[in-house]
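Okay, here's what each chain looks like letter by letter:
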Amino acid sequence: MLHSKTQADEKLTHISKAPPQMAGLQLKKPELLPAQFNVAWGPHSVSLTCPFCHHYTITTVRSSPKVRTHLLALLLFAIGCICCFWIPYTKKSYMSRKHYCSHCDACLGVYNNN
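Here the structure is a predicted model, which is why all the values come from computation and not from measurement. (Residues numbered from 1 in each chain as written. Predicted model: local features only at pLDDT ≥ 70, side-chain atom pairs only at ≥ 80, totals over all residues. Heavy atoms only, no water.)

Chemist: So, the UniProt feature "transmembrane region" (unreviewed entry) in the chain: which residues are in play, and what are the values?
Modeler: Within the UniProt annotation, "transmembrane region" (unreviewed entry) is assigned to residues 71-89. With 42% helix and 0% strand, residues 71-89 has its two end C-alpha atoms placed 11 Å apart. (UniProt positions renumbered as here; feature names shortened; annotations may be inferred. Helix = DSSP H or I, 4+ residues; strand = E, 2+ residues; numbered from the N terminus.)

Structural data, given as structure tokens:
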């Protein structure tokens, strides 16, 4: 039990204060690509000036499965093609290709082969 109201007020103000290491922390807003940044993304690397780090670079392309890749694999598994469900993951047409800056690793664009 608390002895006086001043001790209770002191404890409440101590709890409501941000920790000292968090006091100066500012959250960065996510950076968006400029509106004039029009690039024809494709399945291969592209040469450009990165809008984030402003270095002239050749993009690094990484492939990742799309939603329809997962859905097709699930469908194959559900209809009994248990040994074939992995095949959509090997087809390039079921993968999206994301372009990253080779200097700052920022995602610059996505190519989807529809």
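Chemist: Pulling in residues and values, what's your account of the environment of K91?
Modeler: By the secondary structure assignment, K91 is in the loop between α2 (67-78) and β4 (95-100). For K91, a relative accessible area of 43% corresponds to the partly exposed category. As a C-alpha pair, K91 and T69 span 22 residues in sequence and 9.1 Å in three-dimensional space. (Buried < 20%, exposed > 50% of the residue type's maximum accessible area, 1.4 Å probe, protein only.)

Chemist: Go over the state of the cysteines, please, and point to the residues and values.
Modeler: Overall, the coordinates contain zero disulfides when judged by the stated rule. Residue C101 stays outside any disulfide, its sulfur separated by 3.7 Å from that of C104, the closest cysteine. A residue is classified by how much of its surface remains accessible, and C101, at 2% relative accessible area, is buried. The class for C104 is partly exposed, based on a relative accessible area of 33%. (Disulfide = S-S within 2.5 Å.)

Chemist: Residue-level account of the pattern of salt bridges, with values.
Modeler: For the structure shown, the criterion picks out one salt bridge. The shortest N-O distance in the salt bridge between D105 and R62 comes to 2.6 Å. Taken together, the positions of D105 in the loop between β4 and β5 (107-112) and R62 in strand β3 (residues 60-65) put the pair 43 residues apart, joining distant regions of the chain. (Salt bridge = Lys/Arg side-chain N within 4 Å of Asp/Glu carboxyl O.)

Chemist: I'd like to hear about α2, residue by residue, with values.
Modeler: The terminal C-alpha atoms of α2 lie 16 Å apart, and with twelve residues this matches the ideal 16 Å at 1.5 Å per residue to within 8%. Along α2, the positions that sit buried rather than exposed are T69, A73 and L76. Down the axis of α2, the smallest arc covering the buried residues is 60°, so these residues share one side. Residues of α2 that are exposed and point over 90 degrees away from its buried face: V67, L71, L74 and A78. Buried residues belonging to α2 abut β3 and β4. G80 occupies a position one or two residues after α2 and carries a positive phi of about 105°. (Expected span 1.5 Å × (residues − 1). Arc of directions from axis to C-beta. Contact = heavy atoms within 4.5 Å.)

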